[in-house]
Each structure stands twice: as structure tokens, then as C-alpha cells.
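# Coordinate analysis (summary)
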Amino acid sequence: MTDDLDEDLGLRPESRVERRANRRKTRAKRGFGCFAGLISLMVVGALVAGLVIGFGKGRDALEKVFAAPDYEGTGTSTVTVEISSGQSSQAIADTLEKKGVVKSAKAFERVARDDPRSKKIQANTYTLKKEMSAKAALELLLDTAKSVLVTRFTIPPARTKAEIVNLLQKSKAVKLPAGAAQAAMDRPQTLQLPTFAKGNPEGFLFPGTYDIPKDANANLILRMATARFTKTAGELQLVQTASRKKLDPYQAVIVASIIGAETNRKEDYAKVARVIYNRLQAGKRLQMDSTIHYVVGRSGGVFTSKEQRETDSPYNTYKYAGLPPTPINSPDKDTLRAALNPAAGGWMYFTLVNLDTGETLFANTGDEHQANVKKLQTWCAAHPGRCG
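Residues numbered from 1 in each chain as written. Predicted model: local features only at pLDDT ≥ 70, side-chain atom pairs only at ≥ 80, totals over all residues. Heavy atoms only, no water.

### Re the overall build of the protein chain
Going by this rule: Counting from the N terminus, the helices are DSSP H or I runs at least four residues long and the strands are E runs at least two residues long. Exposure is judged per residue with a 1.4 Å probe applied to protein chains only, and the accessible area is read against the type maximum: over 50% gives exposed, under 20% gives buried, and values in between give partly exposed. Note on contacts: a residue pair qualifies if any of its non-hydrogen atoms lie within 4.5 Å across the two residues. In short, Shrake-Rupley with a 1.4 Å probe defines the accessible areas, and a residue's cover is counted only from the protein chains shown.
When helices and strands are tallied, the protein chain shows 16 helices and 6 strands. Counting all 388 residues of the protein chain, 38% fall into the buried class. Contacts in the protein chain between residues at least 24 apart in sequence constitute 63% of all its contacts with a sequence separation of at least 6. By element, 53% of the accessible surface of the protein chain is carried by carbon and sulfur atoms, the whole surface being about 22,500 Å².

Below is the structure:
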């Protein structure tokens, strides 16, 4: 039946020999297909491997093409750069770009990222150069012997000359020989004090932060402070303003020093000045605890003891009328301005009532003042140990 069907379709049945030959051809084709697939996989693998190997080179090439702008060399003219405490490498990079040290912050960030030593950059004032390569800038920042030509020293407001000597002598940055600060303070004639200072540095070592040259001696540092006082006094026209208001310029400095010791709120400075002048004009003793603290060597605190108020000293304004004979600390610009420009008012008293906020109340009469003092005592009772 199959033969007849094949004949009807025009097909001739395969012979036994032909079927064997056809099977051999089919097996050969299958073998070649497997071999071709294997070759294809090898070619694709080679291409992938080539891409992987070339990717690193391509990335390097791309980074070169799109690299952050950078200078070459070690720079040109010098520039001072301040690095603050806690600055990140990105913040340092931004500072360097703004100062013209590096061409781009990104260039420095990349160099810092690849160098673990960048984490050792310290807060300081550095002398660098403009138009440095990022790598050269990093190297100079790390070489403090070459880049740190000045060091910073701060005189806080309302510090006595004794406290300033102590700060100078203990400063790890300034590194003065033992006793050098006190020796310089004991030679006021070398400190270029104002003519009205009566040869006493107390009150004329102006508060502020100073860039101290390397190897500076104590005399130079103190002269920097007195020079800034002179500059500030000129800006305030201290001598002329005091004269116009019938004040002695030295007395104005004394008043400013009391203001800074009695309150820490700027908005109260001019009011405290007015209280001082009102009491002086009325012939009343100032009764300022701060002037007694100056004598007994106590800083801070609010009250004085009965024993302290009996101290026989011209600085005891409970016992003696008028201003103390000298300033009791170094006033800043704001307290000097307040001493020259007191607020208008009839207040005769003031007292702190909250040591945390610095809130101060002012009064015209003794009864009003005693009511305010009770508020302070209530606050102190609620905060034991704070008012001792």
C-alpha cells in the first residue's frame, strides 16, 4: 500500500543504500552545528573579555577627557587660607577654590579621596600659593612646618590681664617660655599703650582672635592686642566722644569694663551704663559685686559675701564711692560703645534674674529693686549651686 501511495505522489521509494547515506549526512550536519555553536560561544566570550579588559582603559581615558580642571606645578603668589575645625574634605576643597589655590574643588576632592593622609589636615591658618596643582596643595597642607606660618590665639571678652597672662602661658599653639607672658606684662612701657592708660595694661588688651607669627615673643603678642584697642578706640572716636560728653576717656574704659562683668546681654549694655552714671551723679556708691570679685580674684558668680564686701580696697564699690581706680577687665567694642552712649532712663538699680538667659531687670527705686532681687533668689533656689 505504501508503494502505491508513493507512486501516486510521484515519489520513488528510497533504497536501503540511500537511507543509510541520508542518515550519515544528517549526523554530519548535526555535528557541524554543534561545532559552529561552540565556535560562536568562543567568539562571543572573547569579545566580552576584550570589553572587560578594555573597560578599565576606557574609563581611564574617559576620566582624562572629563577630568576636573587642575593647575600644574607648585603655584605662584602666596595666599592665606583658614581651615576651620570640623571642615570636611569637600568644604576644604571649596575654600581652596575660592581662594584661587586650586583650579577646581573637584580636583582637590579626588586627590584627597585617594590619599588617606588628607584626614590629618588640621584647623589652622595656612600660607599656601595660588594656582597650585591639587596634589601640591595637599602636600603643602600636610607639611605644617612650611605652610603654618601663623598660629591663632584668642582673648575672650572681659578678661583681666592676669587671666590673659595665664591663657598665653598655657597656650599650646603659642608656646612661650616659662614666665615670658608675665615678664612682658610687667614692662608696660614697651606695650604701646594709649597715653590716657596711665601705664597700666589692664583694660587695653583688646578681646579678639589674633594671627600670631611663628616664634613671636610675648611682647609682640601683647602689642598686637593693645594696637587693636587703639584702632577700635579710633573707630569709636573714644577720646573725642568722651570729651564731648564730659567724660574722661580712661573712666569710659573703666565703665565699659564694669558693664562687661555685670551682664552678658548686648541689649542691656547701654542700660547698665546709664545706671552707673545715674548713681555716680547722685553720689551713690556703685555697689557692684564685679569690682569686689576683681579684688578677691574671683571670676563669675553673682553674689559677694559679707566678708568680701568689707574688704578694704578702692575697688570695693560697696565701701568707697566713685569708680574703681582702673578697669577690671578688657572691654570689647560693644561695651565701649555703651559706655560712650548710655541709654536714656532714670534707673538706679539692676539685677540678673535668670542666669541661663541673662535676663536683667532694672529699677528706679529701692523697693522695686528688692522685688527684683527676690526673683533672682527664687531662681537660684530652683537651681542649686548656680549662684554661689
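### Points about helix α15 (residues 333–340)
If you check which residues of α15 are buried, you get Thr 335, Leu 336, Ala 338, Ala 339 and Leu 340. Where α15 is buried, its residues meet α9 (218–236), α10 (238–244), α11 (249–262) and α12 (266–281).

### Quick look at the layout of surface pockets
Let me state the cut-off plainly: Using protein atoms alone on a 1 Å grid, points that fit a 1.4 Å probe yet trap it form a cavity, whereas open point sets bounded by protein on both sides within 12 Å along at least five of seven lines form a pocket; residues with an atom within 4 Å of a point count as lining. Grid points are joined across faces, edges and corners, and a volume is the space filled by probe spheres set on the points. Under this grouping Gly is polar, as are all residues other than the nonpolar Ala, Val, Leu, Ile, Met, Phe, Trp, Tyr, Cys and Pro and the charged Asp, Glu, Lys and Arg.
Taken as a whole, the second largest pocket encloses approximately 310 Å³ of empty space. Around the second largest pocket sit 17 residues that line it, and Thr 151, Ala 173, Val 174, Lys 175 and Lys 214 are the ones nearest its centre. Of all the elements in the fold, those that place two or more residues in the lining of the second largest pocket are α6 (144–147), β3 (150–155) and β4 (208–213). Considering only residue class, the lining of the second largest pocket consists of 10 nonpolar, 4 polar and 3 charged.

### Details of the packing of aromatic side chains
Operational definition: Put simply, two rings from Phe, Tyr or Trp (the six-membered ring, in Trp's case) pair if the centres are within 6.5 Å, and we call them stacked under 30 degrees between planes, edge-to-face over 60, tilted for the rest.
Under the criterion given, the structure shown has 6 aromatic pairs. Both rings, one in Tyr 294 and one in Tyr 315, keep their centres 5.0 Å apart while their planes meet at 45°; by these two values the pair is tilted. Here the residue Tyr 294 occupies a position in helix α13 (residues 289–296), and Tyr 315 occupies one in the loop between α14 (306–309) and α15, the gap between them amounting to 21 residues. On the basis of an interplanar angle of 50° and a centroid distance of 5.6 Å, the ring pair of Trp 347 and Phe 362 is categorised as tilted. With Trp 347 in the loop between α15 and β5 (349–354) and Phe 362 in strand β6 (residues 359–363), the pair connects residues that are 15 residues apart, well separated along the chain.

### Considerations on α9
As a reminder, the rule being used: Here, expected helix span is obtained from the residue count minus one, scaled by 1.5 Å. Two N or O atoms count as a polar contact when they lie within 3.5 Å, although within protein this holds only if one can serve as hydrogen donor and the other as acceptor, and sequence-adjacent residues are included solely when both atoms are side-chain atoms.
The end-to-end C-alpha distance of α9 is 27 Å, a good match for the 27 Å that 19 residues give at a rise of 1.5 Å each. Listed as buried for α9 are Ala 218, Asn 219, Ile 221, Leu 222, Ala 225, Thr 226, Phe 229, Thr 232, Ala 233 and Leu 236. A side-chain oxygen of the first residue of α9 lies 3.3 Å from the backbone nitrogen of Asn 219; this N-cap is Asn 217. Phi turns positive one or two residues past the end of α9, at Gln 237, with a value near 50°.

### Considering unusual backbone geometry
Note on backbone geometry: most residues besides glycine have negative phi, and most peptide bonds are trans. For Ala 158, which is not glycine, the phi dihedral falls at a positive 60°. Tracing the backbone shows Ala 158 in the loop between β3 and α7 (161–170). Taking the relative accessible area as the measure of exposure, Ala 158 reaches 26% and is therefore partly exposed. Phi at Gln 287 is positive, roughly 55°, even though this residue is not glycine. Along the chain, Gln 287 turns up in the loop between α12 and α13.

### Quick notes on the pairing of strand β2 (residues 124–129)
Our working definition: Only strands that DSSP links by at least two bridges are regarded as paired with each other.
Taking burial as the measure, the 6 residues of β2 include 5 buried ones, the bulk of the element. Sheet analysis places strand β1 (residues 78–83) next to β2, joined by 6 bridges and oriented antiparallel. The residue of β2 that forms the bridge with Thr 78 is Lys 129.

### A word on the nonpolar core
What counts is decided by this rule: Take the buried residues of types Ala, Val, Leu, Ile, Met, Phe, Trp, Tyr and Cys, join any two whose side-chain atoms come within 4.5 Å, and each joined set is a nonpolar core.
Grouped together as the largest cluster of nonpolar side chains are 57 residues, with contacts concentrated most on Phe 229 and Ile 259. Sorting elements by how many residues they give to this core places α11 first, with 8 residues. In contact with Ile 259, other than residues within four places in its own chain, are Tyr 269, Val 272, Ala 273, Ile 276, Thr 335, Ala 338 and Ala 339.

### Regarding the state of the cysteines
Two cysteines joined by a covalent bond between their sulfur atoms form a disulfide. Spelled out, the test is: Cysteine sulfur pairs qualify as disulfides if the two atoms are within 2.5 Å.
Tallying each qualifying case throughout the model produces 1 disulfide. Through a disulfide, Cys 380 is tied to Cys 387; the S-S separation comes to 2.0 Å. Residues Cys 380 and Cys 387 share a disulfide whose torsion about the S-S bond is about -90°; that sign makes it left-handed. Neither Cys 380 nor Cys 387 differs from the other in exposure class; each is buried.

### A few points about the side chain of Asn 124
Along the polypeptide, Asn 124 turns up in strand β2. A relative accessible area of 18% means that Asn 124 is categorised as buried.

### So, the environment of Val 150
Note that Val 150 resides in strand β3. Taking the C-alpha atoms as reference, Val 150 lies 8.4 Å from Asn 124; in sequence the two are 26 residues apart. Once you skip the residues sitting within four places of it in the chain, Val 150 turns out to touch Asn 124, Thr 125, Asp 211, Ile 212, Pro 213 and Lys 214.

### A few points about the confidence of the model for the protein chain
Interpretation of the predicted coordinates at a detailed level should be avoided for regions scoring low in pLDDT. We count it as follows: How sure the predictor is of each residue is captured by pLDDT, a score from 0 to 100.
Across the protein chain, pLDDT averages 86, with 82% of residues at or above 70. Taken together, the stretch residues 1–12 has pLDDT below 50 and engages in 4 contacts with residues farther than four places along the chain or on a different chain. In this model, residues 41–49 is a region of pLDDT below 50 whose contacts with residues beyond four sequence positions or in other chains number 0 contacts.

### Overview of the environment of Leu 191
Summarising the element assignment, Leu 191 is placed in the loop between α8 (180–185) and β4. Look at Leu 191 and you get buried, because its relative accessible area is 0%. Once the C-alpha coordinates of Leu 191 and Pro 201 are considered, the two residues, 10 residues apart in sequence, prove to be 7.9 Å apart.

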